[in-house]
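Structural overview
Given next are the chains, with one letter for each unit.
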Amino acid sequence: MTVPFPFTAVVGQDDLRLALLLNAVSPAVGGVLVRGEKGTAKSTAVRALAALLPEVEVVAGCRFSCDPAKPDPACPDGPHEPAFETRPSRMVELPVGASEDRLVGALDIERALSEGVKAFEPGLLADAHRGILYVDEVNLLHDHLVDLLLDAAAMGASYVEREGVSVRHAARFLLVGTMNPEEGELRPQLLDRFGLTVEVAASREPDQRVEVVRRRLAYDDDPAGFVARWANEESDVRQRVVAARELLPSVVLGDGVLRQIAATCAAFEVDGMRADIVMARTATALAAWAGRTEVLAEDVRQAALLALPHRRRRNPFDAPGLDEDKLDETLEEFAEPEDSPDAADSSDAPESSDASGDEDPDPGPDGPGGGGQPPSSEPDGPQGGDTGAQPESGESVPAQAPAAGEQSAVRAAEPFRTKVLSVPGLGEGAAGRRSRARTEHGRTTGARRPRGTLTKLHLAATVQAAAPHQRTRGRSGPGLVVRRDDLRQATREGREGNLVLFVVDASGSMAARQRMSAVKGAVLSLLLDAYQRRDKVGLVTFRGSAAEVALPPTSSVDAAATRLESLPTGGRTPLAAGLLKAHDVLRVERLRDPARRPLVVVVTDGRATGGPEPVALAGRAARLFAADGTASVVVDCESGHVRLGLAGQLAGELGGTAVTLDELRADSIAGLVRDVQGTQGPQGTQGTQGTQGPQRTSRRAA
């Protein structure tokens, strides 16, 4: 078994280490969400933390790790014998592809029906009780699993309800999630459920990077020897965690400090009261970690930097972070006069030794954890900033100077709420909120024989299958003899997320600044809708003589928004090239993710001027989508009193329909939904529908 990398040997990342240690001192803080680029020691630090946690006493033989001093009276393995044993704290990892049964546990429904016993197999929530539950790439986890996970973390218990059989067990754990924002964001409602958040990035300081490489190579060459060299530092931190836990109940949270916390949350307009509670618990843990029994203003400041940035993010286009000048002004305004001298004295003390547990009070000018300051800028993924101006710079100049006949990028108009567009038929893709699909959650529509483990029992269908065989099975009394062949899995219908591929015309005919601003605003609105419906998105643009994939399909809609914002315009209109490029993107994506159905959104005025016979070539390219049965919609950007209707003709070739920019707004015709036609024939879905005939718009009350 490989020994984990020592926690104290992690170079830099002061905020990350501090947030993890505060949760180790006080699990009531609510866990940590670690956001940052790949290769920044996120997973390494989390796995190393488990070795610092004190050993726990558990009831011998209890699968739910009950505390022998206070055993859970509702434990499924109870009542317990007085015997106990000591074991190390566990770190349990939840894989991205885990099922609901793997997370919360599974009932043996066959035994429950035939024998009347509660045969329950604990899940990962039970394994993580009194330890750490680590979710790598938590933003890629299905939403309903994240909901279950966060509910259990908030309540300290897991509830399993299956066809009249109910099981409850304790589930108190330190929750840590890591994610790369380039791969997609968590919904704001889920972000709020994490107590603290930390932004991490690789250091740009050469000396620090050299030290990272040196330590990693030494660990890989001799893991046991490397860990032994850090044993004293690990022991010191472990003892400090134990001491802080013992001191925590004695820490005083004064009324003045509470007023500062409330004023800070109000000043930054965070929703709800969870931020106030988390800040209070974090400030208390900071004081205990520093060995104090009184919470100071510096604790409140540090708590705000860890607890508030992710709660101010209301949509995927909001930049994370906190205005530290505004924070300092608020704390100063609401500081009690008599506490000011104390605050001044405390500011002279080395802040890092009290706050982060690091012996070095200066993490360096470019410290990866930011020294309590969330970074305002981070690399844009593997491409490393090849997308033009960074959004935080406030500049709209693209990465390269505009070529002849090309205009620089213009800002998008304000986004708006769009009409619902969806894919026809019944899919089986990843859970989302756009199109109809067979899912694990939703309304029950029928039953089938289970494939593998039975997860959702259809009781009526099971009874109906077993009833004709009762005499041959020798039933002599009340009850029902049920065998495995009788079991029926419930089929359910819910909603799935789709791949929304935007094909955007950036040619000279679209280059009027006011017009392109409106077009970008419309695409931004559709991106926001895609984020809310849990879609993947991609972006293809065409202008001049060719088309390019500005963003390969991804779950990160804010990355798409960044590419869109820096998009210049000008040149001829190679419409066919744009459509062919989009068709090629879909072909590759069908191989990677065949269950996720696509929706193509072409944003153009319909003109085609690039290459030989541009109109005929564009028509042939469009008919490829119709032949594949790909759902599509054309957003008609043509303006002026005289309109050629070219976008409508393109929609007909695609087998879809056209909507104008005005019609795209949800409030343009109150309560109506646009149906987009594809090639499958009418199938009664809300949103994108299928037919080969002329464009058709159906109106239905929303």
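Residues numbered from 1 in each chain as written. Predicted model: local features only at pLDDT ≥ 70, side-chain atom pairs only at ≥ 80, totals over all residues. Heavy atoms only, no water.

It is worth spelling out the nonpolar core at this point. The biggest cluster of nonpolar side chains holds 57 residues, and the ones touching the most others in it are Leu 20, Leu 21, Leu 49, Val 176, Met 279, Trp 289 and Leu 308. At 10 residues, the largest contribution of residues to this core is made by helix H12 (residues 274–289). The residues touching Leu 308, leaving out its near neighbours within four places in the chain, are Thr 264, Cys 265, Phe 268, Val 270, Ala 275, Met 279 and Leu 322. Within the second largest apolar cluster, 38 residues are counted, among which are Val 410, Phe 502, Leu 526 and Val 635. (Core = buried A, V, L, I, M, F, W, Y, C linked by side-chain atoms within 4.5 Å. Buried < 20%, exposed > 50% of the residue type's maximum accessible area, 1.4 Å probe, protein only. Helix = DSSP H or I, 4+ residues; strand = E, 2+ residues; numbered from the N terminus. Contact = heavy atoms within 4.5 Å.)

With that settled, consider a nonpolar patch on the surface. A surface patch of nonpolar side chains, about 250 Å² in accessible area, is lined by Val 212, Val 213 and Leu 217. Within the secondary structure, Leu 217 is located in helix H8 (residues 206–221). (Patch = residues over 30% accessible without salt bridge, like charges linked within 9 Å, V, L, I, M, F, W, Y side chains within 5 Å. Areas by Shrake-Rupley, 256 points an atom, 1.4 Å probe, with all protein chains shown as cover. Salt bridge = Lys/Arg side-chain N within 4 Å of Asp/Glu carboxyl O.)

Looking now at the packing of aromatic side chains. As enumerated under the stated definition, the model contains 4 aromatic pairs in all. Aromatic pair Phe 5 and Tyr 219: ring centres 5.2 Å apart, planes at 70°, arrangement edge-to-face. With Phe 5 in the segment before helix H1 (14–25) and Tyr 219 in helix H8, this residue pair connects regions lying 214 residues apart in the sequence. Judged on exposure class, the residue Phe 5 and its partner Tyr 219 are both buried. With a centroid separation of 5.3 Å and an interplanar angle of 35°, the aromatic rings of Phe 5 and Phe 226 are classed as tilted. Taken together, the residues span a long stretch of sequence, with Phe 5 in the segment before H1 and Phe 226 in helix H9 (residues 223–229) at a distance of 221 residues. Phe 226 shares its class with Phe 5; the two are buried. An aromatic cluster of three or more residues is present, and its members are Phe 5, Tyr 219, Phe 226 and Trp 230. Residue placement shows Arg 534 over the ring face of Tyr 531; its charged tip is 5.9 Å from the ring centre. (Phe/Tyr/Trp six-rings, centres within 6.5 Å; stacked < 30°, edge-to-face > 60°. Lys NZ or Arg CZ within 6 Å of the ring centre and 35° of its normal.)

What follows is about the environment of Ala 658. Looking at where Ala 658 falls in the secondary structure, it is placed in strand S22 (residues 657–660). Residue classification places Ala 658 among the buried residues on the basis of a relative accessible area of 16%.

We now examine the pattern of salt bridges. With the rule as written, the count across this model stands at 31 salt bridges. Between Glu 589 and Lys 536 there is a salt bridge; the shortest N-O distance is 3.5 Å. Residue Glu 589 is located in helix H20 (residues 575–592), and its partner Lys 536 is located in strand S17 (residues 536–543); the two are separated by 53 residues in the primary sequence. Owing to a relative accessible area of 7%, Glu 589 belongs among the buried residues under this scheme. Overall, the relative accessible area of 16% leaves Lys 536 in the buried class. Asp 593 serves as the salt-bridge partner of Arg 596, at 3.2 Å between the closest nitrogen and oxygen. With relative accessibility at 25%, the residue Asp 593 sits in the partly exposed group. One salt-bridge network, in which partners are shared between bridges, spans Arg 434, Asp 529, Arg 533 and Asp 535.

Both trends apply: most residues other than glycine have a negative phi, and most peptide bonds are in trans. The residue after Gly 78, namely Pro 79, is reached through a cis peptide bond having omega -5°. Structurally, the position occupied by Pro 79 is in the loop between strand S2 (56–59) and strand S3 (84–87). One non-glycine residue, Glu 137, adopts positive backbone phi at about 55°. Structurally, Glu 137 is set in the loop between strand S7 (132–136) and helix H6 (143–155). Even without being glycine, Arg 534 reaches a positive phi, approximately 65°. You can see Arg 534 is positioned in the loop between helix H18 (513–532) and S17. Classification of Arg 534 by relative accessible area gives buried; the value is 15%.

Turning our attention to the side chain of Arg 215. Locating Arg 215 in the fold gives a position in helix H8. If sequence neighbours within four positions are ignored, Arg 215 has contacts with Phe 5, Thr 8, Ala 9, Val 10, Val 11, Phe 226 and Trp 230.

A few words on a negative patch on the surface. Taken together, the side chains of Asp 323, Asp 325, Glu 329, Glu 332 and Glu 333 make up a negatively charged region of the molecular surface. Along the chain, Asp 323 falls in the loop between helix H13 (297–307) and helix H14 (324–333). Taking relative accessible area as the criterion, Asp 323 reaches 41% and is therefore assigned partly exposed. (Lys, Arg positive; Asp, Glu negative; His and termini not counted. Charge placed at Lys NZ, Arg CZ, Asp CG, Glu CD.)

A word on the sheet that holds strand S4 (residues 91–93). What links the strands of a sheet is backbone hydrogen bonding, and the strands pair in either a parallel or an antiparallel sense. With parallel pairing, 5 strands are arranged side by side in an open sheet as S4-S7-S10-S1-S11. Two strands in the sheet have a free side with no partner beyond their single neighbour: S4 and strand S11 (196–200). Between one strand axis and the next, the sheet turns by 20° as a mean value, whatever way the strands run. Bridge count for strand S1 (residues 32–36) against strand S10 (residues 174–179) is 4 bridges, and the pairing is parallel. Residue pairing in the sheet places Val 34 in a bridge with Thr 178 of S10. Contacts from H1 reach S1, S10 and S11 within the one sheet, and its direction differs from that of S11 by about 160°. (Pairing = 2+ DSSP bridges. Axes fitted to C-alpha atoms, helices over the stretch in contact; angles between N-to-C directions.)

When you tally the buried positions in strand S15 (residues 489–496), you get 6 out of 8 residues, the bulk of the element. Note that strand S13 (residues 431–439) and S15 share 6 bridges and pair antiparallel. Residue pairing in the sheet places Thr 439 in a bridge with Arg 492 of S15. Relative to S15, strand S14 (residues 443–448) is paired through 5 bridges, and the arrangement is antiparallel. Each bridged residue has a counterpart across the sheet, and for Arg 443 the counterpart in S15 is Glu 493.

Next up on the list: the sheet that holds S14. The strand order across the open sheet built from 3 strands is S13-S15-S14, with neighbouring strands paired in antiparallel fashion. Looking at strand neighbours, the two that pair on one side only are S13 and S14, the edges of this open sheet. Strand-to-strand twist in this sheet, taken as the mean axis angle between neighbours without regard to direction, amounts to 30°.

Moving on, we come to helix H22 (residues 646–654). Looking only at H22, the buried set comprises Ala 647, Gly 648, Leu 650, Ala 651 and Leu 654. Viewed end-on, H22 has its buried residues packed into an arc of 160°, placing them on one side of the element. Against the buried residues of H22 lie H20, strand S20 (598–604), helix H21 (614–628), strand S21 (631–636) and S22. Remark: Gly 655 follows H22 within two positions and exhibits a positive phi of approximately 80°. (Arc of directions from axis to C-beta.)

This paragraph deals with the packing of H1 against helix H10 (residues 231–247). The geometry of H1 relative to H10 is characterised by a closest axis approach of 9 Å and an angle of 50° between their N-to-C directions. Judged by the inter-axis angle, H1 sits oblique to H10. Here H1 runs over H10; the crossing is right-handed. Of the residues in H10, those in contact with Leu 21, Ala 24 and Val 25 of H1 are Val 237, Val 241, Ala 244 and Arg 245. (Parallel < 35°, antiparallel > 145°, perpendicular 65-115°, else oblique. Left-handed = near helix turned anticlockwise from the far one by under 90°.)

To continue, consider the pairing of strand S16 (residues 499–505). S16 sits mainly inside the fold: 7 of its 7 residues count as buried. Burial along S16 is two-sided: Leu 499, Leu 501, Val 503 and Asp 505 and Val 500, Phe 502 and Val 504, pointing in opposite directions, are all buried. With 7 bridges joining them, S16 and S17 adopt parallel strand pairing. Within S17, the position partnered with Val 504 by the bridge is Thr 541. Note that S16 and S20 share 6 bridges and pair parallel. By the bridge assignment for S20, Leu 501 is matched with Val 600.

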